[in-house]
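# Survey of secondary and tertiary structure
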Amino acid sequence: MIKLSVDNKPMLITLYDMDKNYIKNNLIKEKPFKIPTGKGYTILESDYFYDLIIEVQSKDEIRQLVDMIKAIKKRNMPVRPLFQTIAIGLMYKEAI
């Protein structure tokens, strides 16, 4: 945990908060995602996708996602395919 102060109010930043910020910062860099559905394509903006990830995934799953992103970036590969796969899974999970 890291102690920061915002407007002279002490604030603790947990690992979970840092993970959420890391995912958000990586998603902001991506263009909208086109998700194939039965009726065509659904366009998923990064803001909505971020909210969907935080809402549906547990803290441990978010931590695993951050570890996957870091491993992909370490190898200088794009993270968009990982986000695309997660987006497809979350959209189908939400539809069921």
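Notes on the structure in this doc start here. (Residues numbered from 1 in each chain as written. Predicted model: local features only at pLDDT ≥ 70, side-chain atom pairs only at ≥ 80, totals over all residues. Heavy atoms only, no water.)

### Observations concerning the packing of helix 1 (residues 15-28) against helix 2 (residues 46-56)
One way to put it is that helix 1 packs onto helix 2 with a least axis distance of 9 Å and a crossing angle of 150°. By the criterion of interaxial angle, the relationship of helix 1 to helix 2 is roughly antiparallel. Considering the relative orientation of helix 1 and helix 2, their crossing is right-handed. Residues Tyr16, Lys20, Ile23, Lys24, Leu27 and Ile28 of helix 1 lie in contact with helix 2, whose contacting residues are Ser46, Phe49, Tyr50, Ile53 and Ile54. Along the lines of polarity and charge, the residues of the contact of helix 1 with helix 2 split into eight nonpolar, one polar and two charged. (Axes fitted to C-alpha atoms, helices over the stretch in contact; angles between N-to-C directions. Helix = DSSP H or I, 4+ residues; strand = E, 2+ residues; numbered from the N terminus. Parallel < 35°, antiparallel > 145°, perpendicular 65-115°, else oblique. Left-handed = near helix turned anticlockwise from the far one by under 90°. Contact = heavy atoms within 4.5 Å. Nonpolar A, V, L, I, M, F, W, Y, C, P; charged D, E, K, R; others polar.)

### A look at a negative patch on the surface
A surface patch of like charges, here negative, comprises Glu45, Asp47, Asp51 and Glu55. By secondary structure assignment, the location of aspartate 51 is in helix 2. Judged by relative accessible area, aspartate 51 falls into the partly exposed class, the value being 46%. (Patch = residues over 30% accessible without salt bridge, like charges linked within 9 Å, V, L, I, M, F, W, Y side chains within 5 Å. Areas by Shrake-Rupley, 256 points an atom, 1.4 Å probe, with all protein chains shown as cover. Salt bridge = Lys/Arg side-chain N within 4 Å of Asp/Glu carboxyl O. Lys, Arg positive; Asp, Glu negative; His and termini not counted. Charge placed at Lys NZ, Arg CZ, Asp CG, Glu CD. Buried < 20%, exposed > 50% of the residue type's maximum accessible area, 1.4 Å probe, protein only.)

### Section: the pairing of strand 4 (residues 40-44)
Two elements, strand 3 (residues 33-37) and strand 4, share five bridges in a ladder whose sense is antiparallel. Within strand 4, the position partnered with isoleucine 35 by the bridge is threonine 42. The hairpin turn running from strand 3 into strand 4, its antiparallel successor, is two residues long. (Pairing = 2+ DSSP bridges.)

### As for the pattern of salt bridges
All told, the structure shown has four salt bridges when counted by the stated rule. Between aspartate 19 and arginine 63 there is a salt bridge, with the nearest N and O atoms lying 2.4 Å from each other. Pair noted here: aspartate 19 is in helix 1 and arginine 63 is in helix 3 (residues 59-74), with a separation of 44 residues, a long-range link. The partly exposed category is assigned to arginine 63, whose relative accessible area is 24%.

### Let's talk about unusual backbone geometry
A negative phi angle characterises most non-glycine residues, just as the trans form characterises most peptide bonds. The residue asparagine 76 is not glycine, and still its phi comes out positive at about 55°. Looking at the secondary structure, you find asparagine 76 in the loop between helix 3 and helix 4 (80-95). For asparagine 76, a relative accessible area of 69% puts it in the exposed group.

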